[in-house]
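Listed here are the chains, written in short residue letters.
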Amino acid sequence: MNLLNRPRRLRTSPLMREIVAETDISARHLITPHFVVEGEGVLEGIPSMPGVTHVSVDKLVEEVAADVALGLKSHLLFGIPEHKDETGSAAVDPNGVIPLALRALRARFGKEIILITDVCLCAYTSHGHCGFLHDGVVTNDDSVEQLAKMALAHAEAGVDIVSPSDMMDGRVGAIRDLLDENGYVNTSILAYSAKYASAYYGPFRDACDSAPQGDRKTYQMDFRNGRESLLEALLDVDEGADMVMVKPALAYLDIVGRVKAETLCPVVVYNVSGEYSMVKASAAAGYCDERAIVMENLLAMRRAGADLIITYHGRDAMREGWIS
Ligand code: PBG
Ligand code: ZN
């Protein structure tokens with residue numbers, strides 16, 4: 001009998017399994033999202049996403065301080081403005097909620113944290129689309145111009161990484177050009193490259209009050225397509241993306257693997273709101289062991305090829321010691 005033919009040998013004890021594990025995860029792999037609102041003293045739970053909050057800038061600084069104390073150093077900011085209009089004008093306001101948040105966080109934490117901002121119009125437009133809407137059509141090139149201006153406003157306020165999530169064609173190149181023209185050559189771009197039109201964004205759209213008129217299927221990807229994710233990722237890299245993203249995570253780990261194999265930059269995966277809420281609801285009902293499920297999911301994302309994971313589970317994972 002072939003003596004090599006006993007894979008169970010390397011599973012005989014916890015330590016044996018530990019030393020041969022192919023994949024691991026630590027705090028540095030996690031990016032924590034925040035939903036930033038205008039005003040002061042706001043810290044409100046989001047009902048569909050237990051443990052996640054709407055925060056005003058003053059409370060955000062405290063929230064991030066607590067996260068930093070847990071070891072979470074990368075933070076992704078979504079802005080939720082009070083004023084919404086056709087063009088999402090609040091998105092390009094140099095004194096909008098996100099530039100204010102960036103300045104406050106930078107003043108408090110300096111280079112101790114990485115600041116990432118979502119660049120998209122959907123939380124800022126009255127119709128809830130990620131770009132401009134003309135006669136029922138989401139138009140591309142004028143939207144891209146506005147998105148680039150939004151990214152520039154964030155760069156001016158000190159962001160490290162801008163992250164366009166709109167899925168307009170050519171936005172990465174337009175953002176890169178405008179940033180460079182204005183001297184922000186070191187502001188990085190994390191492109192939501194393979195972002196699918198997904199029902200898993202439901203709780204997030206409640207949180208951002210950004211549910212669109214109609215749907216996003218003319219710009220976000222069709223989940224029947226896998227190969228197309230490579231077209232999107234390679235275009236973004238070509239246009240100057242420093243990192244690419246696949247979103248959502250769990251039903252899309254094949255896409256993570258493919259994008260990882262075909263690109264040379266870090267690959268980020270977004271463990272989205274619906275994926276989080278399903279785990280939280282199931283755990284709250286006693287249907288699953290939250291720690292075990294969260295760790296299995298996060299490690300599967302890493303195994304598939306994700307270098308970094310945007311997740312709402314980070315705070316629980318660090319506080320409870322699931323991840324060190
Ligand atoms: C907006 C945006 C969405 C998410 C991140 N940026 C929602 C959408 O496209 O409708 C989803 C995040 C999540 O569900 O956690 N462009
Ligand atoms: Zn959007």
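Residues numbered from 1 in each chain as written. Chains lettered and ligands numbered in written order. Predicted model: local features only at pLDDT ≥ 70, side-chain atom pairs only at ≥ 80, totals over all residues. Heavy atoms only, no water.

Describing the coordination of the zinc ion (ligand 2)
In step 1: All of the protein donors around the zinc ion (ligand 2) are Cys 120 (SG), Cys 122 (SG) and Cys 130 (SG); their distances to the metal are 2.2 to 2.3 Å.
In step 2: Taken together, the 4 donor atoms surrounding the zinc ion (ligand 2) define angles of 98 to 121° at the centre, an arrangement classified as tetrahedral.
In step 3: Mapping the donors of the zinc ion (ligand 2) onto the primary sequence yields the spacing C-x1-C-x7-C.
In step 4: You can call Cys 120 buried: its relative accessible area is 2%. (Donors = N, O, S within 2.8 Å, 3.2 Å for Na, K, Ca; no water. Tetrahedral: all angles 85-135°; square planar, octahedral: opposite > 155°, others 65-115°. Buried < 20%, exposed > 50% of the residue type's maximum accessible area, 1.4 Å probe, protein only.)

Some details on the packing of helix α8 (residues 253–262) against helix α10 (residues 290–304)
In step 1: Across the interface, α8 lies against α10 with an axial gap of 8 Å and an inter-helix angle of 30°. Considering the angle they form, α8 stands roughly parallel to α10. Here Leu 253, Val 256 and Gly 257 of α8 lie close against α10, whose contacting residues are Ala 300, Met 301 and Ala 304. (Axes fitted to C-alpha atoms, helices over the stretch in contact; angles between N-to-C directions. Helix = DSSP H or I, 4+ residues; strand = E, 2+ residues; numbered from the N terminus. Parallel < 35°, antiparallel > 145°, perpendicular 65-115°, else oblique. Contact = heavy atoms within 4.5 Å.)

Here's the deal with the packing of aromatic side chains
In step 1: Enumeration according to the criterion identifies 8 aromatic pairs in this entry.
In step 2: Within the aromatic cluster, the residues linked to one another by ring pairs are Phe 35, Phe 78, Tyr 192, Phe 204, Tyr 270, Tyr 276 and Tyr 312.
In step 3: Over the face of the ring belonging to Tyr 201 we find Lys 247, whose NZ or CZ atom lies 4.5 Å from the ring centre.
In step 4: The ring centre of Tyr 270 lies 4.8 Å from the NZ or CZ of Lys 247, which sits over that ring. (Phe/Tyr/Trp six-rings, centres within 6.5 Å; stacked < 30°, edge-to-face > 60°. Lys NZ or Arg CZ within 6 Å of the ring centre and 35° of its normal.)

Here's the deal with the confidence of the model for the protein
In step 1: On average, the protein scores 97 in pLDDT, and the residues at 70 or more come to 99%.
In step 2: Per-element confidence in the protein is highest for strand β12 (residues 308–311), whose mean pLDDT is 99, and lowest for helix α6 (residues 202–208), whose mean pLDDT is 89. (pLDDT = per-residue confidence, 0-100.)

What about helix α9 (residues 273–284)?
In step 1: The end-to-end C-alpha distance of α9 is 16 Å, a good match for the 16 Å that 12 residues give at a rise of 1.5 Å each.
In step 2: Along its buried surface, α9 packs onto β3 (49–56), α6, β11 (267–271), α10 and α11 (314–319).
In step 3: Phi turns positive, to about 80°, at Gly 286, one or two residues after α9. (Expected span 1.5 Å × (residues − 1).)

What to know about the site of ligand 1
In step 1: Among the 19 residues in the neighbourhood of ligand 1, the closest are listed as Lys 195, Arg 205, Lys 247, Ser 273 and Tyr 312.
In step 2: Between an oxygen atom of ligand 1 and a side-chain N or O atom of Arg 205, the distance comes to 2.5 Å.
In step 3: One of the side-chain N or O atoms of Tyr 312 is found 2.6 Å from an oxygen atom in ligand 1.
In step 4: Taking 400 Å² as the accessible area of ligand 1 by itself, protein coverage stands at 100%.
In step 5: A breakdown of the residues in the shell around ligand 1 according to their chemical character gives 11 nonpolar, 3 polar and 5 charged. (Near = heavy atom within 4 Å. Polar contact = N/O pair within 3.5 Å; in protein donor to acceptor, adjacent residues only side chain to side chain. Areas by Shrake-Rupley, 256 points an atom, 1.4 Å probe, with all protein chains shown as cover. Nonpolar A, V, L, I, M, F, W, Y, C, P; charged D, E, K, R; others polar.)

Observations regarding the nonpolar core
In step 1: Residues Phe 35, Leu 105 and Tyr 270 are the most contacted members of the largest nonpolar core, which totals 106 residues.
In step 2: Residue contributions to this core peak at 7 residues, all from helix α4 (residues 141–156). (Core = buried A, V, L, I, M, F, W, Y, C linked by side-chain atoms within 4.5 Å.)

Topic: the environment of Asn 95
In step 1: Structurally, Asn 95 can be placed in the loop between β4 (74–80) and α3 (97–109).
In step 2: Here the alpha-carbon distance between Asn 95 and Ala 153, two residues 58 residues apart in the chain, equals 8.6 Å.
In step 3: The residues touching Asn 95, leaving out its near neighbours within four places in the chain, are Leu 100 and Arg 103.

What to know about a nonpolar patch on the surface
In step 1: Taken together, the side chains of Leu 10, Leu 15, Ile 19 and Val 20 present a nonpolar region at the surface, about 400 Å² in accessible area.
In step 2: Following the sequence through the fold, Leu 15 ends up in helix α1 (residues 14–20). (Patch = residues over 30% accessible without salt bridge, like charges linked within 9 Å, V, L, I, M, F, W, Y side chains within 5 Å. Salt bridge = Lys/Arg side-chain N within 4 Å of Asp/Glu carboxyl O.)

Some thoughts on the environment of Pro 203
In step 1: One can find Pro 203 in helix α6.
In step 2: As for Pro 203 and Gly 314, which are separated by 111 residues in sequence, their C-alpha atoms are 18 Å apart.
In step 3: Dropping the residues within four chain positions of it, Pro 203 is found in contact with Ser 48, Met 49, Ser 273, Gly 274 and Ser 277.

Quick word on the pattern of salt bridges
In step 1: Counted under the stated rule, the structure contains 15 salt bridges.
In step 2: For Asp 307, the salt bridge identified is with Lys 260, shortest N-O distance 3.2 Å. On the criterion of sequence distance, the pair formed by Asp 307 in the loop between α10 and β12 and Lys 260 in helix α8 is long-range, its members being 47 residues apart.
In step 3: Owing to a relative accessible area of 25%, Asp 307 belongs among the partly exposed residues under this scheme.
In step 4: Using a relative accessible area of 31% as the deciding quantity, one classes Lys 260 as partly exposed.
In step 5: The shortest N-O distance in the salt bridge between Glu 290 and Lys 280 comes to 2.8 Å. Linking Glu 290 in helix α10 with Lys 280 in helix α9, this pair joins segments that are 10 residues apart in sequence.
In step 6: The class of Lys 280 is buried, set by a relative accessible area of 15%.
In step 7: Put simply, Lys 280, Glu 290, Asp 316, Arg 319 and Glu 320 are held in one network by salt bridges that share partners.

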